[in-house]
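Tertiary structure, described
Residue-level listing of the chains:
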Amino acid sequence: MNEYDSNRIYDIAKKIHYTKTQRLEEADCYVLNTCHIREKATEKVYHDIGRVKKEFKNKKKPIVIITGCVAQAEGEILIDREKYIDAVLGPQSYQHLNETIRKIEKESKRINSTEFNTVEKFDTLNLLKNSNNEISTFLTIQEGCDKFCKFCVVPYTRGAEFSRSMDEILNEANELVANGAREITLLGQNVNSYNFKGKKLSNLIHEISKIENLLRIRYTTSHPLDFSEDLIKIHEVCSKLMPLIHLPVQSGSNSILKSMNRKHSKEEYLDTVKKLKKINPKIKFSSDFIIGYPGETENDFIDTLKLIEKMEYINIYSYVFSPRPGTPAANMEQVNREVAKQRLKVFQEKAAKIKMCYRENLFNKQSLVLFENKIENSDKYFGRDEYLNSVVVKSNEDLKGKIFEVKILNGNQSTLVGMIKKKIKETPQYNNVRN
Ligand code: SF4
């Protein structure tokens, strides 16, 4: 979502004639868009500002603005501690970027704007052209969360659940496809809780799939509790919807799930998975896990290991629990750090084995790959298969924006190497809704 926000921040700044630069030393204005999910996010902000300070030591100071969830959670502290910061704008306030820049330019004012103006933000964004021209791109359809998992800052930093209107989303999707996008990933903290005046994620996917030239649709991140029957069904009927579902579960132990306030059991999770697999056997899953959550016993951990074996996730994001200030879990009794780290090591080794086993199974088979770009200074192209696996092939032909059948030759944990077999022209499986 931060990648989407960063692009929109740029769309806003363009209105007052700022352009992007990849060179730090050229910047007149430095916007650091932050994420609070990662550990040590705040220290990273001070570290990055340190780099800017060093670069501009003997030059005119650039405007420095901190946006994103760290700005939301720690705005006051940031402004007080680091005088080099001119403004902090929360994730629901970045529509005020231009007036903030103008105020700083004219009055050298320091600004802290962290109100939850989600409606106003999207009203502003709807008036701007989304200038992103990538083959695979993001589109935010929903923000915020009402679930309040005990470890998570999102309900505090992004606010309550909010769904954009179908019309606005469809306009933006059309614009992105007109700019060259061939794959759109619909984004939301609880993407499958999308509900605009009774229209749900399944309705939205159905409408978006009608856009000509859009080849692939994905959505993330889903909550197991919001996997309604209509959403499961759309995986049977919508051919543009990719068969990979990111479905975080966080733990394989029911007592930990309860303590996390996840509001579902392991059995309910597995039941949803079963329904999805039944309706579309091609579907595979990725997930997120927190290891060493307060109260996690050895038996809880073993339950988690059993779950990843059973699920055969093709990708897992896992972290040792780290308390986020202000969340209930931060005040719970913590698992010994060394024990938690050791469990994470065991967990990640198992996850890596499962992943490699899956990937080795792809060798010498065909995958459908949508190519996104040519790798700089080489004759290779980069793309992704239906399961988001990165694939690299050699080609003298321009593959960008097209789907090819690729024979996978070999690969490792991060990249698969393949060779082009044939171009997929009017593939029936990508030709809109099946029924
Ligand atoms: S559902 Fe996701 S975003 Fe919401 S509180 Fe839980 S972990 Fe955070």
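About the thresholds
- Residues numbered from 1 in each chain as written.
- Predicted model: local features only at pLDDT ≥ 70, side-chain atom pairs only at ≥ 80, totals over all residues.
- Helix = DSSP H or I, 4+ residues; strand = E, 2+ residues; numbered from the N terminus.
- Contact = placed C-beta atoms within 7 Å.
- Buried ≥ 20, exposed ≤ 12 C-beta atoms within 10 Å, placed from the backbone.
- Pairing = 2+ DSSP bridges.
- Right-handed = clockwise from strand over helix to strand, strands pointing away.
- Axes fitted to C-alpha atoms, helices over the stretch in contact; angles between N-to-C directions.
- Domains from an automatic or database assignment.
- Nonpolar A, V, L, I, M, F, W, Y, C, P; charged D, E, K, R; others polar.
- Arc of directions from axis to C-beta.

Points about the environment of T42
Assignment of secondary structure puts T42 in helix α2 (residues 41–55). Sequence separation between T42 and P281 is 239 residues; the distance between their C-alpha atoms is 43 Å. Beyond its immediate sequence surroundings of up to four residues, T42 is in contact with V70 and E74.

Focus on the pairing of strand β13 (residues 284–291)
Across the eight residues of β13, six count as buried, placing the element largely inside the fold. Across three bridges, strand β12 (residues 244–246) lies against β13 in parallel orientation. Within β13, the residue paired with L244 across the bridge is K284. Note that β13 and strand β14 (residues 315–320) share six bridges and pair parallel. Note that in β14 the partner of F289 across the bridge is S318. Crossover β13 to β14 through helix α12 (residues 298–311) is right-handed.

Thoughts on the sheet that holds strand β5 (residues 136–140)
Read across the sheet, three strands follow the order β5-β8-β11 without closing on themselves; strand pairing throughout is parallel. Of all strands in the sheet, those with a lone pairing partner are β5 and β11 (216–220), marking the two edges. Averaged over neighbouring strand pairs, the angle between their axes works out to 25° when direction is ignored. One ladder, built from five bridges, connects strand β8 (residues 183–187) with β11; its direction is parallel. Among the inter-strand pairings, T185 is bridged to a residue of β11, identified as R218. On top of the sheet, helix α7 (residues 166–178) reaches β5 and β8; it is set at about 165° to β5, its chief contact.

Comments concerning the domain arrangement of the protein
Assigned domains within the protein: domain 1 (2–115), domain 2 (120–360) and domain 3 (366–430). If you average the C-alpha positions of domain 2 and of domain 3, the two centres end up 25 Å apart. Opposite the 18 residues of domain 2 that make contact, domain 3 presents 14 residues. For the side of domain 2 that touches domain 3, the leading source of residues is helix α13 (residues 337–360), giving four residues. Of the residues belonging to the side of domain 2 that touches domain 3, the class tally is eight nonpolar, three polar and seven charged.

Notes on helix α5 (residues 118–126)
Taken as a whole, α5 has its buried residues at T118, K121, F122 and L125. One face of α5 carries all of its buried residues, which in axial projection span an arc of 90°. Residues of α5 that are exposed and point more than 90 degrees away from the buried face comprise V119 and D123. Packed against the buried residues of α5 are α1 (2–14), β6 (142–143), β7 (162–163) and α7.

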